[in-house]
Amino acid sequence: MIQAGVDEAGRGPIAGPLVVAAVVLDPLRPIAGIRDSKALGASARETLAQRIRSDALAWSLIEIDVATIDRLNIFQATMLGMRRALETLSHGFDEALIDGNKLPPDLPCRARAIVKGDAKEASIGAASILAKTHRDALMRDYDRQYPAYGFIQHMGYPTPEHLARLRECGPCAIHRHSYAPVRLAAQSSLFGA
């Protein structure tokens, strides 16, 4: 049975896009070392991401922008990204393995939700690695575009340093305005508080 693993990166940050990946691994070309991307160092993630891109039967990456996240909410944006990632795979598969406890509606195939699936299923771990490395690269680019926020340090997560910069500078174009810390910072900058 050919399976496609699906995972995302960027649900928790208050800035930057959500990235969803789907991967169909080649059973004849196993890739050693695949696991949850958060359990790997940056160098190992990058090396594995290159192997996954070259050796997988198929992979896809979907970016969900901040405007869509703000319009839909992060959960609905994640479900949309997962469905799109599966729909854009260039290789057929029999079943989708989705990281988490919810399945997106209207999937083009049979699917199972697997809690902590990125640590249990290689295809989900591979998707986790692709999503994280792609999102990290985007955030490094945003760090150059918006240097005042230090995105390269926190990747958009609400760290104390990020929240301090947000209060000082107000939100930029990649902040998620539907999130409370960003909304509060925007109100403060409007009223000079």
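Calculation notes
Residues numbered from 1 in each chain as written. Predicted model: local features only at pLDDT ≥ 70, side-chain atom pairs only at ≥ 80, totals over all residues. Heavy atoms only, no water. Helix = DSSP H or I, 4+ residues; strand = E, 2+ residues; numbered from the N terminus. Rg over C-alpha atoms; globule rule 2.2 N^0.38 Å. Buried < 20%, exposed > 50% of the residue type's maximum accessible area, 1.4 Å probe, protein only. Phe/Tyr/Trp six-rings, centres within 6.5 Å; stacked < 30°, edge-to-face > 60°. Lys NZ or Arg CZ within 6 Å of the ring centre and 35° of its normal. Pairing = 2+ DSSP bridges. Axes fitted to C-alpha atoms, helices over the stretch in contact; angles between N-to-C directions. Contact = heavy atoms within 4.5 Å. Core = buried A, V, L, I, M, F, W, Y, C linked by side-chain atoms within 4.5 Å.

Caption draft 1: Main features of the overall build of the protein. When helices and strands are counted, the protein shows eight helices and five strands. Sequence-ordered secondary structure for the protein, helices as α and strands as β, is β-β-α-β-α-α-β-β-α-α-α-α-α. For the protein, whose C-alpha radius of gyration is 17 Å, the value lies close to the compact-globule estimate of 16 Å for 193 residues. By the burial criterion, 49% of the 193 residues in the protein qualify as buried.

Caption draft 2: Spatial organisation of the packing of aromatic side chains. In this structure the tally under the stated criterion is two aromatic pairs. Aromatic side chains Tyr149 and Phe151 sit 5.5 Å apart centroid to centroid with 20° between the ring planes, which places their arrangement in the stacked category. Here Tyr149 matches Phe151 in class, with each residue buried. Arg53 extends its terminal NZ or CZ atom over the ring of Trp59, reaching a point 5.8 Å from the ring centre.

Caption draft 3: Representation of the sheet that holds strand β2 (residues 18-24). With mixed pairing, five strands are arranged side by side in an open sheet as β3-β2-β1-β4-β5. With partners counted over all chains shown, the strands left at the sheet margins are β3 (58-64) and β5 (110-114), one partner each. Taking the axes of each pair of neighbouring strands and ignoring which way they run, one obtains an average angle of 20° across the sheet. As paired elements, strand β1 (residues 3-9) and β2 share five bridges and run antiparallel to each other. Within β2, the residue paired with Ala9 across the bridge is Val19. Along the sheet face, helix α5 (residues 122-145) touches β1, β2, β3, β4 (95-99) and β5 and points at about 35° away from the line of β1.

Caption draft 4: Molecular detail of the environment of Glu168. With respect to the helices and strands, the residue Glu168 is situated in helix α7 (residues 160-169). Residue class for Glu168 comes out exposed when judged on its relative accessible area of 57%. With 104 residues separating them along the chain, Glu168 and Ile64 place their C-alpha atoms 27 Å apart.

Caption draft 5: Representation of the nonpolar core within the structure. Ranked by size, the top nonpolar core spans 29 residues in total, and within it Leu86, Leu89 and Phe93 carry the most contacts. Leave out the neighbours within four places in its chain, and Phe93 touches Ile2, Gln3, Ala4, Val24, Leu86 and Cys109. Ranked by size, the runner-up nonpolar core spans 17 residues in total, among them Ala9, Val19, Ile52 and Ala127.

Caption draft 6: Highlighting the environment of Gly81. The topology assignment puts Gly81 in helix α3 (residues 74-87). What makes Gly81 buried here is its relative accessible area of 0%. Distance from Gly81 to His175, taken between C-alpha atoms, is 19 Å for residues 94 residues apart in sequence. Aside from chain neighbours lying at most four places away, what touches Gly81 is Val20, Ile62 and Ile64.

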